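Residue-level structural notes
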Amino acid sequence: ACLDGALSAVSELHGTQHMKYARLLHQKGNFHGAHDEHSLAIDAYVEALRIYKGEHGDAHLSVANTLFNLGVSLNAKGSPDKAIRCFTKALRITSARLGEDHLDVADTYEQVAESNKLLHRYTDTSNYYEKALTVRKEATGGNDIKSAAIMYELGKIHLQQELWDDAEKALRVAKPKPDDV
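Below, the structure is looked at part by part.

Describing a positive patch on the surface
- A cluster of basic residues, Lys53, Lys82, Arg85, Lys89 and Arg92, forms a positive patch on the protein surface.
- If one sorts the elements of the positive patch by residue count, helix H5 (residues 80–98) sits on top with four residues.
- In this structure Arg92 comes out as exposed when scored by relative accessible area, which is 56%.

Quick notes on the side chain of Ser115
- Mapped onto the elements of the fold, Ser115 is located in helix H6 (residues 103–118).
- Given the relative accessible area of 0%, Ser115 is considered buried.

Section: the pattern of salt bridges
- All told, the structure shown has eight salt bridges when counted by the stated rule.
- Salt-bridge contacts for Arg50 lead to Glu47; the nearest nitrogen and oxygen are separated by 2.3 Å. Of this pair, Arg50 and Glu47 both sit in helix H3 (residues 38–56), three residues apart, which is roughly one turn of that helix.
- The exposure class of Arg50 is partly exposed, given its relative accessible area of 40%.
- In this structure, Lys156 engages Glu153 in a salt bridge whose closest nitrogen and oxygen atoms are separated by 3.3 Å. You can see Lys156 and its partner Glu153 sitting in helix H8 (residues 145–160), three residues apart, about one turn around the helix.
- Given the relative accessible area of 32%, Lys156 is considered partly exposed.

Thresholds, definitions, all that
- Residues numbered from 1 in each chain as written.
- Predicted model: local features only at pLDDT ≥ 70, side-chain atom pairs only at ≥ 80, totals over all residues.
- Heavy atoms only, no water.
- Patch = residues over 30% accessible without salt bridge, like charges linked within 9 Å, V, L, I, M, F, W, Y side chains within 5 Å.
- Areas by Shrake-Rupley, 256 points an atom, 1.4 Å probe, with all protein chains shown as cover.
- Salt bridge = Lys/Arg side-chain N within 4 Å of Asp/Glu carboxyl O.
- Lys, Arg positive; Asp, Glu negative; His and termini not counted.
- Charge placed at Lys NZ, Arg CZ, Asp CG, Glu CD.
- Helix = DSSP H or I, 4+ residues; strand = E, 2+ residues; numbered from the N terminus.
- Buried < 20%, exposed > 50% of the residue type's maximum accessible area, 1.4 Å probe, protein only.

Shown next as structure tokens:
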């Protein structure tokens with residue numbers, strides 16, 4: 001309700017094509033996504049994306065961030081193919097703007113892996129988790145909780161592929177709780 005009120009006030013003051021309106025729409029998408037209301041999140045992100053692209057063009061970080069969040073909601077709604085398209089576009093922008101070794105690039109690779117996992121494309125899933133880990137190791141040394149979580153997911157994928165040695169290695173590094181395996 002607060003965001004809707006703010007959207008209404010901004011639209012009266014600046015119109016519905018203003019960047020403030022787009023930012024509020026993006027925040028509305030984040031709110032709905034956090035509350036598992038992904039259809040509403042998708043609608044908000046799509047509208048924010050249209051405004052961002054109109055204002056900044058297709059290669060701005062606000063476009064990449066919105067595409068990333070749109071992809072997360074599309075995954076949650078069961079549309080991983082569409083999510084991969086969003087993540088791929090976001091990855092292109094983020095890599096060009098921030099560099100290949102930025103943590104946002106790693107996060108996007110991780111989401112592409114998640115999309116591929118939903119599609120049961122385990123080789124692609126493994127490849128994107130590996131890419132995410134490579135970037136995270138460069139940026140953080142790989143001794144962070146997110147790297148451990150990716151290793152754990154990679155271990156589970158290797159188990160599904162019956163790649164026992166790879167699974168054992170990944171899970172040993174991730175150190176999951178016994179109940180999780």
